[in-house]
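Below, each chain spelled out in residue letters.
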Amino acid sequence: MSEKKEIKITAAKGRPMLTWVGKRPLRSVTAFPAQHVETFAATDVGAIHESPASKDWPAAYPQGGLLFHGDNKEVLGHLLANGFRGKVKLIYIDPPFDSGADYVRKVQLRGGAATAKIGGESYALGEQIQYTDIWANDNYLQFMYERLMLLKELLARDGALYLHCDWHKNHLLRMLVEEVFGPENFRNEIVWTYPGREMHIENKFNSKHDCLLFVAKSDETKINMKDIAIVYDKGERLKGLRRKVEIDEDGREWVWETRGQSAGQEPYKRYVEDIIKDGRALNDVWDDVQFLRGNDPERAGYPTQKPVSLIERIILASSNPNDLVLDCFIGSGTTAAVAQKLGRRWIGCDINKGAIQTTAKRLQGIMTEQAGAIHESPLQLPGMETDETAAPTPAQLSFGVWRVNDYDLKIQRNEAIKLACEYVGIERLASDSFFDGKLGKKLVKIVPFEHPLSPLDLEELKRELEARPELENCIVFVCLGIELAARTWIEDWNRLRKGAETVNKIEVIELRTDAKYGNFIKHDPAAGKVTIARSADKIIIQIEDFISPTILKRLDMDMPLFKAKISDWRSQIDCVMIDTAYDGEVFNVVLSDVPEKKKDLIEGSYTLAAPDGKTTVAVKIIDMLGEEVLISKEV
Ligand SMILES: C[S@@+](CC[C@H](N)C(=O)[O-])C[C@H]1O[C@@H](n2cnc3c(N)ncnc32)[C@H](O)[C@@H]1O
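Note that the structure is a prediction, hence the values are computed from the model and not measured.

J.: Would you mind showing me how to read the overall build of the protein here?
T.: The secondary structure content of the protein amounts to 13 helices and 32 strands. Scored against the burial criterion, the 635 residues of the protein give a buried share of 50%. Across the protein, contacts joining residues at least 24 apart in sequence account for 73% of those joining residues at least 6 apart. Carbon and sulfur atoms make up 52% of the accessible area of the protein, which totals about 30,200 Å².

Rendered as structure tokens:
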């Protein structure tokens, strides 16, 4: 990918304008290069059945789905710098709601109760933080403002954006969207009201809807009323979708209506305009899309996953087959999954590795199924009776995972902060924009673990305390490493706060050397024992053992009285991927072993066709906490 460069961003359009503390225009972004991490291709016959390659696809990227692991500000900047400006037809985003909740994904061992029992009880790993949804209001607005500015640049002249939100922020987001896109381009506030979700809340009405803010890039943006009306009228979601539309002598469109045929009725002509007139999918209140319940088979284990039929309606309304659909808060991958099923191209992005893994898993499944279906039912030739229930031709049967900057560090940081807090006994503060928690009466500031405590962190604290003279608490810094200059700074500071005068005295807990908490940080990487051998034209792989000290530690933490015992090592493994011709850089998935249900375990032994000549076989094992182990051997 191209070198790092500055990308200019056009100014926001609008008035009125919302303002907040620290509002800054986004005049340019730095576009960093991306690294190709992994490729998945469903089939080698796929190519002939895919839609023809897109002519204006940027040369920097292979055709196929693109899944980016990284902060979307950087990823969007990267896309702008690499030929995607003005190429995206539809954007759907479902950003964190700023709801003050920590979203968690429940991580469980595989194999259900049978493999992971302590004292007769099955247990789950601690909850793994998926992303932190705690923001000071102003940061949140700046965050969303910058993303919207970048998204507008990527959108085609006739493109559309749907911003999913709820009552917490919809008023503010509506203003942001109008400022960035211009009020004249605001089309709808769609209300998605979920049937059957009743709760009783004291002194407040039960909130029973989300909002989708629908904005156009310009007045060239159209919506496919006919498609949604026909699909939803027939209830043929995600299957054939389109009934064949015929046109009669006076130019009116009609379809064969077969409903009721089983009751002996003959098929009859029904005019499309009548279907549109009846269609309730066409109003701005959507009350026919179910909320995903906990046990829904659609669930991919992601807390904020959205229903397929909601995204399907949006994609049908605002894009056509082969168009490019983008979601830069992809989560469990719903947007990419539906786009893929509807024959669209897609780009997804998430900062969370669990999200990337979940999305990759989901898309592998869909593409494999699509390739299989193509295999079974050969292409329809012109003149043949068309199969009206056949799914649309996939626009692509492969995708790549890319990374812009290295986010593993940040993710481990969230994780590490959580563990550190539990370990030290810090109570997290969700509401404070500066302090991360409390330890007794003391206020705690956690220094990002990528850098040691430095005088800069201390100056920042000083400014904060000057701005909040009412705070008299002592301050505790929790850090990994401390600069010498910072120690001197603190000594000077505390010298003025001797004896009874302890207002804002500073203490430090350095996690490696602290007398009390010092042995906290020891990350022993997960490890696997794998044999890889060649026998004639086959490659035989056997995973013999796997151990993740982090998982064991987590189990110990949750159940301190029992030493965790795992009777089957496979329960720690989420999935296994194999590349039989690994080039040391890009992992091409040739086989992926992803058990569908939580109670199923990975196979552990595999036989694959061997490429000619010497080759490097790589086995990637991803554990239930998302940690990866790569084992490779030349055979
Ligand atoms: C509400 S969830 C999206 C759920 C998704 N619509 C689905 O159906 O699964 C929001 C996602 O945004 C991601 N996210 C938050 N901040 C981000 C950032 N700066 N860059 C990229 N992704 C981010 C989170 O990791 C999370 O997966």
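J.: What am I meant to see in the packing of helix H7 (residues 308-318) against helix H8 (residues 334-341) here?
T.: Each pair of packed helices gets described by two things: the angle between the helix axes and the distance between those axes. Their axes nearest at 9 Å, the elements H7 and H8 cross at an angle of 60°. When the interaxial angle is binned, H7 and H8 end up oblique. H8 is crossed by H7, and the crossing has right-handed handedness. Packed against H7, whose contacting residues are Val-308, Ile-311, Glu-312 and Ile-315, the element H8 presents Thr-334, Thr-335, Val-338 and Ala-339 at the interface. Looking at the contact of H7 with H8 residue by residue, the classes come out as 5 nonpolar, 2 polar and 1 charged.

J.: Sorry if this is basic, but what is going on with the nonpolar core here?
T.: For soluble globular proteins, the rule of thumb is that nonpolar side chains tend to be buried together. Counting residues in hydrophobic clusters, the biggest one holds 54 residues, and the most contacted among them are Leu-67, Tyr-162, Ile-315, Trp-346 and Phe-399. Considering every element that reaches this core, the biggest residue donor is H7, with 7 residues. Each of domain 1 (5-40 + 56-100 + 135-198 + 214-240 + 287-378 + 385-403) and domain 3 (527-634) accounts for three or more of the residues forming this core. In this view, Phe-399 contacts Glu-38, Thr-39, Phe-40, Gly-65, Leu-67, Trp-346, Ala-360, Leu-363, Gln-364 and Met-367; residues no more than four positions away in its chain are not counted. In terms of nonpolar packing, the next biggest core, distinct from the first, is built from 53 residues, Trp-20, Leu-79, Leu-151 and Leu-176 among them.

J.: Just checking my understanding: could you explain the sheet that holds strand E21 (residues 437-439) for this structure?
T.: Across a sheet, paired strands are connected by hydrogen bonds in the backbone, their directions being either parallel or antiparallel. Pairing within the open sheet is mixed, and its 5 strands lie in the order E20-E21-E22-E23-E24. Each edge of the open sheet carries a strand with a single partner, namely strand E20 (427-428) and strand E24 (506-510). Here 3 bridges tie E21 to strand E22 (residues 442-446), and the two strands are oriented antiparallel to one another. From the neighbouring strand, Gly-437 faces E22, where its bridge partner is Val-444. Across the face of the sheet, helix H11 (residues 455-467) comes into contact with strand E23 (475-479) and E24 while running at roughly 150° to E23.

J.: In this structure, what is going on with the site of the ligand? I would like to understand it.
T.: By nearness alone, 21 residues border the ligand, and Asp-94, Tyr-302, Ser-332, Thr-334 and Asp-350 come closest of all. A distance of 2.7 Å is found between an oxygen atom of the ligand and a side-chain nitrogen or oxygen belonging to Thr-334. Contact with the protein chains hides 97% of the accessible area of the ligand, taken as 610 Å² for the molecule alone. Classifying every residue of the shell around the ligand by side-chain character gives 8 nonpolar, 8 polar and 5 charged.

J.: Would you explain H11 in this entry?
T.: Three- or four-residue spacings in an α-helix give side chains the same orientation, since the helix completes a turn every 3.6 residues. Taking 1.5 Å of rise per residue, 13 residues should cover 18 Å, and H11 covers 18 Å from first to last C-alpha, within 8% of that figure. Against E23, helix H12 (484-495) and E24 lie the buried residues of H11.

J.: It is not clear to me how the sheet that holds strand E26 (residues 538-547) should be interpreted in this structure. Could you clarify?
T.: Taking strand neighbours across the sheet as the criterion, the 3 strands line up as E25-E26-E30 in an open arrangement whose pairing is antiparallel. In this open sheet, the two edge strands, each paired with only one partner strand, are strand E25 (527-535) and strand E30 (605-609). Neighbour-to-neighbour, the strand axes of the sheet open up by a mean angle of 20°, direction not taken into account. Of the pairings in the sheet, the one linking E26 to E30 comprises 5 bridges and is antiparallel in character. The residue bridging Ile-541 from the neighbouring strand is Tyr-606, located in E30.

J.: Hey, could you run me through the packing of aromatic side chains in this one?
T.: In this description, a pair of aromatic rings is defined by centroid distance and the angle of the planes. Taken as a whole, this structure holds 16 aromatic pairs when the rule is applied. Ring geometry for Trp-192 against Phe-291: centres 6.1 Å apart, planes inclined by 25°, an arrangement best described as stacked. Within this pair, whereas Trp-192 is found in strand E11 (residues 186-193), its partner Phe-291 is found in the loop between strand E16 (285-286) and H7, the two being separated by 99 residues in sequence. On the basis of an interplanar angle of 85° and a centroid distance of 4.9 Å, the ring pair of Phe-434 and Phe-435 is categorised as edge-to-face. Comparing Phe-434 with Phe-435, the two get one shared label, buried. Among the aromatic side chains, those forming a connected cluster through ring pairs are Trp-57, Tyr-61, Phe-68, Phe-84 and Trp-402. When the ring centre of Phe-143 is taken as origin, the NZ or CZ atom of Arg-147, which lies over that ring, is 3.8 Å away.

J.: In this structure, what is going on with the environment of Asp-210? I would like to understand it.
T.: With respect to the helices and strands, the residue Asp-210 is situated in strand E12 (residues 209-216). Through-space distance from the C-alpha of Asp-210 to that of Tyr-194 is 8.3 Å; in sequence the pair is 16 residues apart. Those residues in contact with Asp-210 that sit more than four places away from it in its chain are Phe-97, His-164, Cys-165, Asp-166, Ile-190, Val-191, Trp-192, Tyr-194 and Lys-306. Engagement of the side chain of Asp-210 in a polar contact is seen with the side chain of Tyr-194, the distance being 2.7 Å.

J.: What's the story with the pattern of salt bridges in this structure? I'm lost.
T.: Side chains that differ in charge, positive against negative, can pair when their charged atoms come close. For the structure shown, the criterion picks out 22 salt bridges. Of the charged contacts in the structure, one is a salt bridge between Arg-147 and Glu-146, with a shortest N-O distance of 3.8 Å. Among the residues examined, Glu-146 registers a relative accessible area of 8% and is labelled buried. Glu-464 is the salt-bridge partner of Arg-468, the closest N and O atoms lying 2.7 Å from each other. Note on accessibility: Arg-468 and Glu-464 belong to one class, buried. Residues joined in a network through salt bridges with shared partners are Asp-71, Lys-73, Glu-146 and Arg-147.

J.: Explanation requested: the pairing of strand E3 (residues 35-41) in the structure shown.
T.: In the case of a regular strand, side chains alternate between the two sheet surfaces. Pairing analysis gives 6 bridges linking E3 to strand E19 (residues 398-403), with the strands arranged antiparallel. If you follow His-36 over to E19, its bridge partner there is Trp-402.

J.: Sorry, what's going on with the pairing of strand E10 (residues 155-165) here?
T.: Most of E10 sits inside the fold, with 9 of its 11 residues counted as buried. In the sheet, strand E5 (residues 88-93) pairs with E10 via 5 bridges, with the strands oriented parallel. By the bridge assignment for E10, Val-88 is matched with Leu-155.

Cut-offs applied
- Along each chain, residues carry numbers from 1 onward, in the same order as the chain's sequence is written.
- Local features in a predicted model are, by the rule used here, given only for residues with pLDDT of at least 70; side-chain atom pairs are given and counted only at 80 or more, and totals for whole chains, interfaces and linings are based on all residues.
- With hydrogens and water set aside, each side-chain value is computed from the structure's full complement of heavy atoms.
- Strands here mean DSSP runs of E at least two residues long; helices mean DSSP runs of H or I at least four residues long; both are numbered from the N terminus.
- When a residue's accessible area, from a 1.4 Å probe over protein chains only, is under 20% of the maximum for its type it is buried; when over 50% it is exposed; and in between it is partly exposed.
- Whether two residues are in contact is decided by their heavy atoms: any pair within 4.5 Å suffices.
- Note on areas: Shrake-Rupley, 1.4 Å probe, and residue coverage restricted to the protein chains presented here.
- Here, axes are lines fitted to C-alpha atoms. For helices the fit covers the stretch in contact, and angles between N-to-C directions go from 0 to 180 degrees.
- For classification purposes, an angle smaller than 35 degrees is called roughly parallel, one larger than 145 roughly antiparallel, one from 65 to 115 roughly perpendicular, and anything else oblique.
- Should the near helix be turned anticlockwise from the far one by less than a right angle, the crossing is left-handed, and should it be turned clockwise, the crossing is right-handed.
- In this classification, the charged set is Asp, Glu, Lys and Arg, the nonpolar set is Ala, Val, Leu, Ile, Met, Phe, Trp, Tyr, Cys and Pro, and all remaining amino acids, among them Gly, are polar.
- To form a nonpolar core, buried Ala, Val, Leu, Ile, Met, Phe, Trp, Tyr and Cys residues must be joined to one another through side-chain atoms within 4.5 Å.
- For the domain bounds, the source is a domain assignment made automatically or taken from a database.
- A pair of strands is labelled paired if DSSP reports no fewer than 2 bridges between them.
- Nearness of a residue to a molecule or strand requires only that one of the residue's heavy atoms be within 4 Å of it.
- Definition of a polar contact: a pair of N or O atoms within 3.5 Å, with one able to donate and the other able to accept a hydrogen when the atoms are protein atoms, and with sequence-neighbouring residues admitted only if both atoms are side-chain atoms.
- Between the first and last residue of a helix there are one fewer steps than residues, each counted as 1.5 Å, and that sum is the expected span.
- Each pair of aromatic rings taken from Phe, Tyr and Trp, with Trp reduced to its six-membered ring, is defined by centres within 6.5 Å and is described as stacked if the planes are under 30 degrees apart, edge-to-face if over 60, and tilted in the remaining cases.
- Whether a charge lies above a ring is judged from NZ of Lys or CZ of Arg, which has to be within 6 Å of the ring centre and within 35 degrees of the ring normal.
- Salt bridges are identified by distance alone: a Lys or Arg side-chain nitrogen within 4 Å of an Asp or Glu carboxyl oxygen.

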